[in-house]
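Survey of secondary and tertiary structure
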There are 2 protein chains.
Amino acid sequence: MKLYEKVAEELSQQISQGYYQVGTKLPSIRCLSKNHSISISTAQEAYRLLEDQGIVEVKPKSGYYVRQQNSPPKLPEISRPIQRPIDVSQWHQVLDLLTSHNRHGEDLITLGRALPDYHTATLQPLLRTMASLTRDVDNLGRSQEELNGLEALRVQIARQMMHSSCQLHPDDIIITNSCQEALSISIRVTTKPGDVVAVDSPSFYGTMQTLRSLQLKVLEIPTHPETGISIEALELALEQWPITAVQVTPSCNNPLGYTMPDNRKKQLYQLAQRFDIAIIEDDIFGDLSYNTPRSNTIKSFDQDGRVILCSSFSKTIAPGFRLGWAAPGRYCDLVTHMKYVSSGCTATVPQLALADFMAQGGYERHLRKMRQQYKQSRDIMLGWLKRYLPENIRTSYPQGGFLLWIELPEMIDSVELNTRLALQNVQIAPGILFSATGKYRNCIRINYSGEPSARQETAIKKIGDEIFKMLDELETNK
Amino acid sequence: MKLYEKVAEELSQQISQGYYQVGTKLPSIRCLSKNHSISISTAQEAYRLLEDQGIVEVKPKSGYYVRQQNSPPKLPEISRPIQRPIDVSQWHQVLDLLTSHNRHGEDLITLGRALPDYHTATLQPLLRTMASLTRDVDNLGRSQEELNGLEALRVQIARQMMHSSCQLHPDDIIITNSCQEALSISIRVTTKPGDVVAVDSPSFYGTMQTLRSLQLKVLEIPTHPETGISIEALELALEQWPITAVQVTPSCNNPLGYTMPDNRKKQLYQLAQRFDIAIIEDDIFGDLSYNTPRSNTIKSFDQDGRVILCSSFSKTIAPGFRLGWAAPGRYCDLVTHMKYVSSGCTATVPQLALADFMAQGGYERHLRKMRQQYKQSRDIMLGWLKRYLPENIRTSYPQGGFLLWIELPEMIDSVELNTRLALQNVQIAPGILFSATGKYRNCIRINYSGEPSARQETAIKKIGDEIFKMLDELETNK
């Protein structure tokens, strides 16, 4: 943590402990500098950060005052997707999101992608180990030794998952190329073409495209922005439709950022048990929960192996790292076979390096840093949205990760918004990607993983300006 | 090339040019040492190599003589698999092959796996580049830029494939995690569950397990050990069965080592055109052809995009490298979608390093070295087989790669042979893996990728001894 961040956090704590009341004047910059033995510019930076976080406000020619605290934003309503199984569409929009960087080049601010911040010193030990392992040619052969991935890494993953109350044996874990491969394989072994799979809604587009590729039908279940998939709605759906599996992202959800309370996770598991269906649990953002200890996984309640837990290090470390894993429970043999036919073994060097990084405590240190950074960035981002977007928007209030869901006024078409913003080098993810039928057209998902900067603030301002412009045009054309 | 290898090659050429006739005495070691200005021990090593290759023989107290040349071995007959579509079995035997190293540890001589020799100086530049790229954290993010793989690498692959008369545009190529992923995706986009796929026979078990995972039926086509899949038998099959695709490995075949003549490849393509089916061409060993320029790919005859060419660098560089690719022709959009759902993007650093290695000519230098090494090892291996195995065996005569197929006396059960050999730390691949129905029970596949050593020779001797023992036991139990 930098010095100004430390000072800001100290002040922030004093405010939240009531040491300074709302509306009170705070120490002057000169005073702060003297009290903490820091430079004037460091004191200024500390206040600037607190201002960005919406904790203090500046009154010209007077000084800094405690501001009315950022209350949690106004959340979207529970979602209301179509209540019947449907085919997934939207591939071309997903492709557009995935390839827009190629067309726009370096200048594009990619708020639409779920890319983490990997420009951090806490990853340096990992890179050093990986570079040194790469020089040993023997490591190029080792992948062939263990079809399910190197044991050293599986041991570390099993340990890590104890934070989510999950008791996994290293042999319960299969290493994959990315969480996407883990999810894809899990869906393949639990379904057959034509089956119906229930999902939370809005839902990650990668999984839905997997359902599409397998000719599966998707049933989108109403989902609450704080408690997740509606158990009640799912129960009704299970009574009505021949559902084979349910796929959810219950911790630090993508795109809504919620974490299902443990008791709801348990209820979901019991429901799956009652109707004898599989649960495919995507936990890719789970390690980035702002609350520690992090919440349980559904897998932690699993007594009969019906839950396949899937995750990776693409969001916690870096997207190019390409290491995921699955804990497939009773489907272990099927997943081993499917992993073999899907891509054979997994590259060795990243596995060796990551196992070492985790064993040395480097991963936990890195997670601590990122959780704090993302939480801080969330508050700054919510402040910007308040400042630059129309008042009547609703946004998610993420409890982990780095993704924010924004519900715009109903008449705004976010695909059109994205096209207009692309001309200004800003990219967002239109809401329709997160529904099988192109629902959520007035919603967008943005990320706040990058450290807050003037460049990002400008991007948010551009989004706001464009929305106001579209609203004006709609008003005129009425 | 080492000095003794150079001297041996020179002598070998003089022999093949008729300068020394069969039965002629060759220069003494002292004489050779003087003529070539080499040490006595180098001259001895040169003769030892020629002896191993079966080119010269030593007569005690007399000297070295030109031996009756190693004629190509007695080849197996054309295969005669069951002529109807069937389900693939044998997964547990494949799993056993893939995991036996775990149970036996370092001492196991794994002749059963198709692992290349990656302990070679020609790979050092690649490893150095990769290590240095790893240190730059920016490279961990770059994979997300290009869904189909980095353009720099696709350019190099397109160039490389020109050796096989293939005109590919970099945009025709999609990078994958291994050839297995390329094959798996290719089969998925050209078939639907229940379809029939024709394959050469014996055939690579990885592809057959993919067919199994997709609930496809396999039709094994009679295959000639020199000219490959029988066009005539395939034509008959196409008239009789609703075949959707044909999957073949026509260059440096696994396990038979043949390369289909170009005109047969063209005929195969024309047949596919006539019956409007897709061809999935596995070219993973193609770059290791002993004859240069290498033969055409079937893809080089492709006029309407029905051929999907699949390959990787797992056999030419190292198994842990995990970079493959597909050139999917008319199936390009489908393959892009399937690759995305299968594992998302592909790791960046290996792609960047490989593109550089290829651009600098390092890959071509490495291939030249490996082709020569493997060809030399083939001849030594054939010599050992002559020496240690029963006379009435038949073996393939590989034209590239490093795999040898051995047809043992009909009563020998190679699964049993493998079990017995495992107790002596030798592993082979039983023939049943290469058939959907467990045919080829009296065949084995071994590799000769490692540089010939006393350890390997001992392994071959153990195989021979065990076979003789089994034959004796069978004789006794009659």
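Everything below is about the structure shown above.
Report follows, based on the coordinates.

Cut-off values and rules
Residues numbered from 1 in each chain as written. Chains lettered and ligands numbered in written order. Predicted model: local features only at pLDDT ≥ 70, side-chain atom pairs only at ≥ 80, totals over all residues. Heavy atoms only, no water. Least-squares fit on C-alpha atoms with pLDDT ≥ 70 in both. Contact = heavy atoms within 4.5 Å. Buried area = accessible area lost by both parts, 1.4 Å probe. Salt bridge = Lys/Arg side-chain N within 4 Å of Asp/Glu carboxyl O. Polar contact = N/O pair within 3.5 Å; in protein donor to acceptor, adjacent residues only side chain to side chain. Helix = DSSP H or I, 4+ residues; strand = E, 2+ residues; numbered from the N terminus. Pairing = 2+ DSSP bridges. Axes fitted to C-alpha atoms, helices over the stretch in contact; angles between N-to-C directions. Phe/Tyr/Trp six-rings, centres within 6.5 Å; stacked < 30°, edge-to-face > 60°. Buried < 20%, exposed > 50% of the residue type's maximum accessible area, 1.4 Å probe, protein only. Lys NZ or Arg CZ within 6 Å of the ring centre and 35° of its normal. Right-handed = clockwise from strand over helix to strand, strands pointing away. Left-handed = near helix turned anticlockwise from the far one by under 90°. Nonpolar A, V, L, I, M, F, W, Y, C, P; charged D, E, K, R; others polar.

Another aspect to go through is the relation of the copies chain A and chain B. When chain A is fitted to chain B, the residual RMSD is 0.2 Å, and the transformation amounts to a turn of 180° plus an axial shift of 0.1 Å. With respect to symmetry, the two chain copies, as superposed, fit the operation of a two-fold axis. The C-alpha atom lying nearest the rotation axis in chain A is that of Ala131(A); the distance is 2.3 Å. Mapped onto chain B, 100% of the interface residues of chain A are again interface residues, and the two copies thus contact each other with one and the same surface.

On to the interface of chain A and chain B, then. Facing 57 residues of chain A, the contacting portion of chain B comprises 57 residues. Both sides together, the interface formed by chain A and chain B hides about 5,000 Å², and carbon and sulfur atoms give 59% of it. At the boundary of chain A with chain B, the tally comes to 0 salt bridges. If you look at where chain A meets chain B, you find 16 residue pairs in polar contact (both at pLDDT 80 or more). Looking at the side of chain A that touches chain B, the elements that each hand over two or more residues are helix 4 (91–104), helix 5 (124–134), helix 7 (178–190), helix 8 (205–213) and helix 11 (332–343) of chain A.

Take the sheet that holds strand 17 (residues 443–447) of chain A next. Residues and elements named next belong to chain A. An order of 13-14-17-16 is seen for the 4 strands of this open sheet, with the pairing classed as antiparallel. If you trace the sheet from one side to the other, it starts and ends with strand 13 (394–395) and strand 16 (429–430), each paired once. One ladder, built from 5 bridges, connects strand 14 (residues 403–407) with strand 17; its direction is antiparallel. For Glu407, the partnering residue across the bridge sits in strand 17 and is Cys443.

Another point: the sheet that holds strand 4 (residues 174–176) of chain B. Residue and element names in this part refer to chain B. Taken in spatial order, the 7 strands of this open sheet run 4-12-11-10-9-5-6, and their pairing is mixed. Two strands lie at the open edges of the sheet, namely strand 4 and strand 6 (217–221), each paired on one side alone. Pairwise comparison of adjacent strand axes, ignoring direction, gives a mean angle of 20° for this sheet. Across 4 bridges, the pairing between strand 5 (residues 196–200) and strand 9 (residues 243–248) is parallel. The partner of Val196 across the bridge, within strand 9, is Ile243.

Taken as a whole and assessed by the stated rule, the structure comprises 20 aromatic pairs over all chains. Residues Tyr47(B) and Tyr64(B) carry aromatic rings whose centres are separated by 4.1 Å and whose planes lie at 5° to one another, so their mutual orientation is stacked. Of this pair, Tyr47(B) sits in helix 3 (residues 40–52) while Tyr64(B) is found in strand 2 (residues 63–66), placing the two residues 17 residues apart along the sequence. Of the two residues examined, Tyr47(B) and Tyr64(B), each falls in the buried class. Here Phe204(B) and Tyr205(B) contribute two aromatic rings whose centre-to-centre distance is 5.1 Å and whose plane-to-plane angle is 45°, an arrangement assigned as tilted. Under the relative-accessibility criterion, Phe204(B) is labelled buried at 17%. The structure contains a cluster of three or more aromatic residues connected by ring pairs, namely Phe204(A), Tyr205(A), Trp405(A), Phe434(A) and Tyr440(A). Sitting over the face of the ring of Tyr397(A), Arg378(A) holds its NZ or CZ atom 4.3 Å from the ring centroid.

Attention now moves to unusual backbone geometry. Following Asn254(B), the chain continues into Pro255(B) via a peptide bond in cis, with omega recorded as 10°. For the peptide bond that leads from Thr292(B) to Pro293(B), omega is -5°, which places it in the cis range. Mapped onto the elements, Pro293(B) comes out in the loop between strand 10 (278–282) and strand 11 (307–312). With phi around 55°, Gln215(A) is a residue other than glycine that occupies positive phi space. The residue Gln215(A) is located in the loop between helix 8 and strand 6 (217–221) in this model. Owing to a relative accessible area of 47%, Gln215(A) belongs among the partly exposed residues under this scheme. Backbone geometry at Ser37(B) places phi at a positive 50°, although glycine is not the residue there. Residue position: Ser37(B) is located in the loop between helix 2 (29–35) and helix 3.

In regular strands, side chains alternate between the two faces of the sheet. All names here are of chain B. When you tally the buried positions in strand 5, you get 5 out of 5 residues, the bulk of the element. Burial along strand 5 is two-sided: Val196, Ala198 and Asp200 facing one way and Val197 and Val199 facing the other are all buried. Examined bridge by bridge, strand 5 and strand 6 share 5 bridges and lie parallel to one another. Looking at strand 6, one finds that Val196 is bridged to Lys217. Handedness of the strand 5-helix 8 (residues 205–213)-strand 6 crossover: right-handed.

Now for the pairing of strand 2 of chain B. Residue and element names in this part refer to chain B. As judged from the 4 bridges shared by strand 1 (residues 56–59) and strand 2, these two strands associate in the antiparallel manner. Bridge pairing links Lys59 to Gly63 in strand 2. Remark: 3 residues form the turn of the hairpin made by strand 1 and strand 2, two consecutive strands paired antiparallel; Lys61 in that turn has positive phi of roughly 60°.

What follows covers the environment of Glu220(B). Residues and elements named next belong to chain B. By the secondary structure assignment, Glu220 is in strand 6. For the pair Glu220 and Val197, spaced 23 residues apart in sequence, the C-alpha separation works out to 8.6 Å. The contacts of Glu220, once residues within four sequence positions are left out, are Pro81, Ile82, Gln83, Ile86, Val199, Ser201, Met208, Phe434, Ser435, Ala436 and Thr437. In this structure the side chain of Glu220 is engaged in a polar contact, spanning 3.3 Å, whose partner is the side chain of Ser435. In terms of polar contacts, Glu220 uses its side chain to reach the backbone amide nitrogen of Ala436, at 3.0 Å.

On to the packing of helix 13 (residues 362–388) of chain A against helix 15 (residues 454–476) of chain A, then. Residues and elements named next belong to chain A. As a packed pair, helix 13 and helix 15 sit with axes 9 Å apart at the nearest point and diverge in direction by 35°. Handedness of the crossing formed by helix 13 with helix 15: right-handed. Only Gln456, Glu457, Ile460, Lys461, Gly464 and Phe468 of helix 15 make contact with helix 13, whose side of the interface consists of Met381, Trp384, Leu385, Arg387 and Tyr388. Tallied by class, the residues present in the contact of helix 13 with helix 15 amount to 6 nonpolar, 2 polar and 3 charged.

As a further point, take the pattern of salt bridges. Tallied over the entire structure, the rule returns 52 salt bridges over all chains. Between Glu466(A) and Lys469(A) there is a salt bridge, with the nearest N and O atoms lying 3.8 Å from each other. Taken together, the residues Glu466(A) and Lys469(A), both in helix 15 and 3 residues apart, mark about one turn of the helix. Between Asp379(B) and Arg378(B) there is a salt bridge, and its shortest N-O distance comes to 3.1 Å. With relative accessibility at 4%, the residue Arg378(B) sits in the buried group.

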